[in-house]
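Coordinates in review
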Amino acid sequence: MKRIFRLSAIILIYLVTCGKSCNDAKSDESALENARERMAHDSITSVFSSDSLSQSSLRAFENAAKNKLSDFSDYLQIMEDSSTGQAFRTKTGEMIRDLFLSADVRFRFAAPGRSEMKEVSLEELLETDIKVQPAGQKMVFDSARVIKKLQMDNDSTCSGRLAFLLRYGNPSLSGKKGNECAEKSIDIFAVKCRKIFGSDTLRVWKVFLGDMR
């Protein structure tokens, strides 16, 4: 009887101790996760929501603008592909809008097969059946380079400019750059925007494209 009592007591102590250890482990894990979130939050706050940007950050944003220019070329290909479904085209249009500072930015394009230039807004480009690529060819923004470095205009806006070569090529022919059409330029911006992170709303820097000339 005493043996059974001792075993019961040992089992009870084990269960209490184990339960406490599990609770402690969960508590430690929760504390570690909270610490990670605070570190991520502090890192984002210090780098992306600072009042000024370092030269290395500005150069990184210039490279991001070059990538967005390349994305724009790819998205235009989708928009002008007659086989693309409407839902996919609509989503692509939203992604194009996210690349640019506003729907009012202006573009100067030569209509396919014509030499004269046509100026359109981003909204007109997306909402009307304006073709900027010859049939079966892709508009390529090649050899992008910085001609005006991003500089602080104020505490929430930086501006600069890229130059690039506008080419038309057949996307099915890998390695073929296509015929050189013209040298063009595009404004680029880094702007502080409101962004939600969990329960907080921060103002972080984001890169946008602007007018294309």
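Quick note: structure is the one above.
The present account deals with the structure reproduced in this document.

So, the overall build of the chain
- A count of helical and extended segments in the chain gives four helices and six strands.
- Ordering the α and β elements of the chain from the N terminus gives α-α-α-β-β-α-β-β-β-β.
- By residue count, 31% of the 213 residues in the chain fall in the buried class.
- Surface accessibility of the chain: about 13,400 Å² in total, with carbon and sulfur atoms responsible for 53%.

Section: the pattern of salt bridges
- In the structure shown here, the tally under the stated rule is 10 salt bridges.
- The residue arginine 145 makes a salt bridge to glutamate 183 at a minimum N-O spacing of 2.8 Å. Here glutamate 183 lies in strand β5 (residues 179-197) and arginine 145 lies in strand β3 (residues 138-154), a separation of 38 residues in the sequence.
- Between aspartate 187 and arginine 213 there is a salt bridge; the shortest N-O distance is 2.9 Å. Linking aspartate 187 in strand β5 with arginine 213 in the segment after β6 (200-212), this pair joins segments that are 26 residues apart in sequence.
- Here the salt bridges do not stand alone but share partners, grouping Arg97, Glu123 and Glu127 into one network.

Thoughts on the nonpolar core
- Of all hydrophobic cores here, the largest spans 34 residues; its most connected members are Phe72, Ile96, Phe100, Phe107, Phe141, Ile186 and Met212.
- Residue assignment for this core shows that the elements contributing at least two residues are α2 (55-79), α3 (86-99), β1 (106-110), α4 (122-127), β3, β4 (157-169), β5 and β6.
- Broken down by element, the residue count for this core peaks at eight residues, all from α2.
- Here isoleucine 186 is in contact with Leu69, Phe100, Gly160, Arg161, Leu162, Phe164, Leu209, Gly210, Asp211 and Met212, once residues within four sequence places are set aside.

Looking at α2
- The end-to-end C-alpha distance of α2, which contains 25 residues, comes to 36 Å, matching closely the 36 Å that a straight helix rising 1.5 Å per residue would cover.
- When we look at burial in α2, the residues that qualify are Leu58, Phe61, Glu62, Ala65, Lys68, Leu69, Phe72, Ser73, Tyr75, Leu76 and Met79.

A closer look at the environment of glutamate 62
- Position of glutamate 62 relative to the elements: it lies in helix α2.
- Considered as a pair, glutamate 62 and lysine 148 are 86 residues apart in the sequence and their alpha carbons are 9.9 Å apart.

Some thoughts on the environment of cysteine 193
- Relative to the helices and strands, cysteine 193 resides in strand β5.
- As a C-alpha pair, cysteine 193 and valine 204 span 11 residues in sequence and 5.4 Å in three-dimensional space.
- Discounting chain neighbours no more than four positions away, the residues touching cysteine 193 are Leu202, Arg203, Val204, Lys206 and Phe208.

Reading the values: the criteria
The residue count restarts for each chain, going from 1 along the sequence in the order it is written. The predicted origin of the model limits local features to residues at a pLDDT of at least 70 and limits the giving and counting of side-chain atom pairs to 80 or more, whereas totals for whole chains, interfaces and linings rest on all residues. With hydrogens and water set aside, each side-chain value is computed from the structure's full complement of heavy atoms. Here a helix means four or more residues in a row that DSSP labels H or I, a strand means two or more in a row labelled E, and each is numbered from the N terminus. Here the term buried applies to any residue with accessible area under 20% of the maximum for its type, exposed to any over 50%, and partly exposed to those in between, with areas from a 1.4 Å probe on protein chains only. Reported accessibility uses the Shrake-Rupley method at a 1.4 Å probe radius. Residues are deemed covered only where the shown protein chains occlude them. The salt bridge definition used is simple: a Lys or Arg side-chain nitrogen within 4 Å of an Asp or Glu carboxyl oxygen. Residues enter a nonpolar core if they are buried and are Ala, Val, Leu, Ile, Met, Phe, Trp, Tyr or Cys, with the set joined through side-chain atoms within 4.5 Å. Contact criterion: two residues are considered in contact whenever any of their non-hydrogen atoms come within 4.5 Å of each other. Take the residue count of a helix, subtract one, and multiply by 1.5 Å to get its expected span.

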